[in-house]
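# Survey of secondary and tertiary structure
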Amino acid sequence: MKTAIKIPIVIALLAAAWVQAAPVDAENFEPFHQWMAAVLTNDAAALKAFYSTKPPAKVRVKTAMHDADADISFWLEPKVLTMKAEIVRGTLPKPGVTHLILHLEVVTAASGGQPVSITDDQVWQQQGDQWRIVSVERTDAPQLKQPSDMKKNIYPDTADAHADIKEAQEKAAKENKRLILVFGANWCFDCHVLDMAFHSEALAQVVDTNYEVVHVDLGPDEKKNADLVKQYEVPLDKGIPAIAIADSDGKLVVSQKNGEFEDARQLTPEYLAEFLNKWKPAAQ
């Protein structure tokens, strides 16, 4: 989940509001359903009209930035035959702005009848009497399971991160493990993706065998537990979730420096397994 420094300027202006955004009745957000109808009817002119030109819509796929035409082409070529949309979360960051995180199952003319999974993160802005897309982050065929909602309380408000770390250190010392500190927040979609990955069949064993996992809550403004952020040398300007590995005595082993996990939705089980195996404790 990008912070204000890493996302387009038009969205950066809204970033502070996102984390305390009010829920919106996304199921009945008519502009999205009109957008989907334009995709399904392969109506290029109608689809293009949903993308902002002032400011120009920004589209992010993996680490690359594109313009609106790239997203439009993606949805028109090859033709989408069916689309099933599941709204993971809908929020109203401020009046005139709607943020949707969507799980889409799409069958195209080229997919041989097999649905393709897509995570589509759309920000809509009301411009006059029209709603238009100003920002998209699209994840095509993600290899990590994407959450269907963000209701899991990964980062409880009442948690004491300092006490949790101390308890994890005691367990780690007895079992020859290291600590994996995951800095994040419940509002962060990618934090939920990473949490699901750590509990997945592909990764649960290496996590449970080698690590005590501690979730360090950063709160709605990413200022909570600032002393731990400093202690474990976590650069929050690179986005969250952010990870630090520590020995059972609390000594820092490594912390991510370049936002390696902030776009967890795009990662692979192999990438995470390589990281976990690289930094696991030496066998006794």
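Residues numbered from 1 in each chain as written. Predicted model: local features only at pLDDT ≥ 70, side-chain atom pairs only at ≥ 80, totals over all residues. Heavy atoms only, no water.

## Structural notes on unusual backbone geometry
In plain terms, the rule: A helix here means a DSSP run of H or I that spans at least four residues, while a strand means a run of E at least two residues long, and both kinds are numbered starting from the N terminus. Exposure categories follow from relative accessible area, calculated using a 1.4 Å probe and restricted to protein chains: below 20% of the type maximum is buried, above 50% is exposed, and the middle band is partly exposed.
Note the cis peptide between Lys54 and Pro55, where omega equals 0 degrees. Tracing the backbone through its elements, the reader meets Pro55 in the loop between α4 (44–48) and β2 (58–61). Cis peptide bonds are those with omega within 30 degrees of zero, and the linkage from Ile240 to Pro241 qualifies with 5 degrees. With respect to the secondary-structure elements, Pro241 resides in the loop between α9 (226–231) and β10 (242–246). Unusually for a residue other than glycine, Asn176 sits at a positive phi of about 55 degrees. Positionally, Asn176 belongs in the loop between α6 (161–175) and β8 (178–184). Judged by its relative accessible area of 25%, Asn176 is partly exposed. Here Asn225, not a glycine, exhibits a phi torsion of approximately 55 degrees, which is positive. Within the secondary structure layout, Asn225 lies in the loop between β9 (211–217) and α9.

## What to know about the environment of Val39
Heads up, the condition is: In this analysis, two residues are considered to be in contact whenever any of their non-hydrogen atoms come within 4.5 Å of each other.
Within the secondary structure, Val39 sits in helix α3 (residues 30–40). Each C-alpha atom, one on Val39 and one on Leu92, is 24 Å from the other, the two residues being 53 residues apart in sequence. Those residues in contact with Val39, other than ones at most four positions away along the chain, are Leu47, Trp75, Val80 and Met83.

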